[in-house]
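Summary of the model geometry
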Amino acid sequence: MKVVFIINEKAGNGAAKRKWKNLRKSLQIPYKLEYTEYPGHATEIAKRYATIATKFSDKHLLIAIGGDGTVHEVVQGVITTGEVYIGAISAGSGNDFGRGYETFTEASEIVRFTQQHSNAKVMDIGVLQKNDETLYYINNAGIGFDAYISKISNESKLKRYFNFFRLGKLTYVFFLLKALNRFKTFSIKVIHNGEEQVYDNVWLVVASNQPYFGGGMKISPSSNPSDHNIELTIIYNISRLKLLLLFSTVFFGKHTGIKAVQQYSGEAFEVDIHGEVIGHTDGEFAGITEKNQRIHFGVMHHAWHLARKTS
Ligand SMILES: Nc1ncnc2c1ncn2[C@@H]1O[C@H](COP(=O)(O)OP(=O)(O)OP(=O)(O)O)[C@@H](O)[C@H]1O
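Quantities reported herein were computed from a predicted structural model and do not represent experimental measurements.

1. A word on the packing of aromatic side chains
- Under the definition given, this model contains 17 aromatic pairs.
- Pairing Tyr199 with Tyr236 gives two aromatic rings, centres 4.9 Å apart and planes at 80°, and the pair type is edge-to-face. Placement of the pair is Tyr199 in strand β9 (residues 195-208) and Tyr236 in strand β10 (residues 230-236), with a sequence separation of 37 residues. Taken individually, Tyr199 and Tyr236 each receive the classification buried, so the pair is uniform in this respect.
- Members of the aromatic cluster, joined through ring pairs, are Phe145, Tyr148, Phe183, Phe186, Trp203 and Phe247.

2. A word on empty space enclosed by the protein
- Taken as a whole, this structure holds one cavity of 30 Å³ or more when the rule is applied.
- By volume, the largest cavity amounts to about 40 Å³.
- What lines the largest cavity is Leu128, Lys130, Ile143, Gly279, His280, Ala286, Gly287, Thr289 and Ile295.
- Sorting the residues of the lining of the largest cavity by element identifies β5 (121-130), β13 (278-281) and β14 (284-288) as the ones contributing at least two each.

3. Quick look at the domain arrangement of the protein chain
- Splitting the protein chain by domain gives domain 1 (2-117) and domain 2 (127-301).
- Inter-centroid distance (C-alpha atoms) of domain 1 to domain 2 is 26 Å.
- Both faces considered, domain 1 and domain 2 share a buried interface measuring about 1,600 Å² in area, 57% of it formed by carbon and sulfur atoms.
- For the pair domain 1 and domain 2, the number of links is zero salt bridges.
- Taken together, the links from domain 1 to domain 2 amount to eight residue pairs in polar contact (both at pLDDT 80 or more).

Quick notes on the rules
Residues numbered from 1 in each chain as written. Predicted model: local features only at pLDDT ≥ 70, side-chain atom pairs only at ≥ 80, totals over all residues. Heavy atoms only, no water. Phe/Tyr/Trp six-rings, centres within 6.5 Å; stacked < 30°, edge-to-face > 60°. Helix = DSSP H or I, 4+ residues; strand = E, 2+ residues; numbered from the N terminus. Buried < 20%, exposed > 50% of the residue type's maximum accessible area, 1.4 Å probe, protein only. 1 Å grid on protein atoms, 1.4 Å probe; cavity = no way out; pocket = protein on both sides within 12 Å on 5 of 7 lines; lining within 4 Å. Points joined across faces, edges and corners; volume = space filled by probe spheres on them. Domains from an automatic or database assignment. Buried area = accessible area lost by both parts, 1.4 Å probe. Salt bridge = Lys/Arg side-chain N within 4 Å of Asp/Glu carboxyl O. Polar contact = N/O pair within 3.5 Å; in protein donor to acceptor, adjacent residues only side chain to side chain.

As structure tokens, then:
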């Protein structure tokens, strides 16, 4: 099995660089090294190796060292490629992937996987379709307040300072407070199993493939990235103050019984968004909806293979 490390040195304000430096000291197997140079590069790198793996029926293990954005990009490059396993070493600011999926921490775990990879797991990937565009998410895709928070956080230099002081987990909370006064709620219609339901004063609608978002908030406690379902969470009709209190309960997954929170589970949802609202997939900007836009949230089964520690 060929091993390739894909490193985003910018992730976690240098955390990826530090982790790689430590890891390579005890790595006694041949490997290739690729550094990402710009957004989207990790997908190109992963695609290149996926093509080689398929053409020569040659198994590859691609290990992403970075945050959620880096793993998101690597997985995009290998969807439905049977010969490729994806592993990750969490080194970002939020690291929700590392909470919802098994990741590697030690070189010995990676070496063991290359010797015996029966522990690999087939994973689903979330699908978001609007107009002719299809986007994929490993963690979640959201429209509304969480996308707005991700956007202002990704654009701000302050994110780097939080990471520098090892306060990456607080980034989301800080920008959540900043976004609270500025964000305008919107209306949606959810169509699921032939039934329609309208929600007004919506803060966010998020489709989850795994439980965590926003750097450790357990927004969708029952989500499982290999159960062939996604969960839709809608937060609506709630004052700013109560929303703030609600978010503090989300860290512990205790928000699900609250009246302002609606959750669905299923394979597919159509959501009509009324308003020009910002969206994200795995915390990366995914466009702004048109005034009346239908979004399809779904799930693709058997989309990629997760490399895990061998027990
Ligand atoms: N050399 C580079 N320069 C600038 N941006 C890069 C480079 N390489 C990758 N990127 C981009 O950096 C973005 C952020 O990376 P990533 O999400 O892995 O780290 P993070 O933001 O620190 O962590 P998290 O998403 O877990 O909060 C990715 O979306 C990726 O496209």
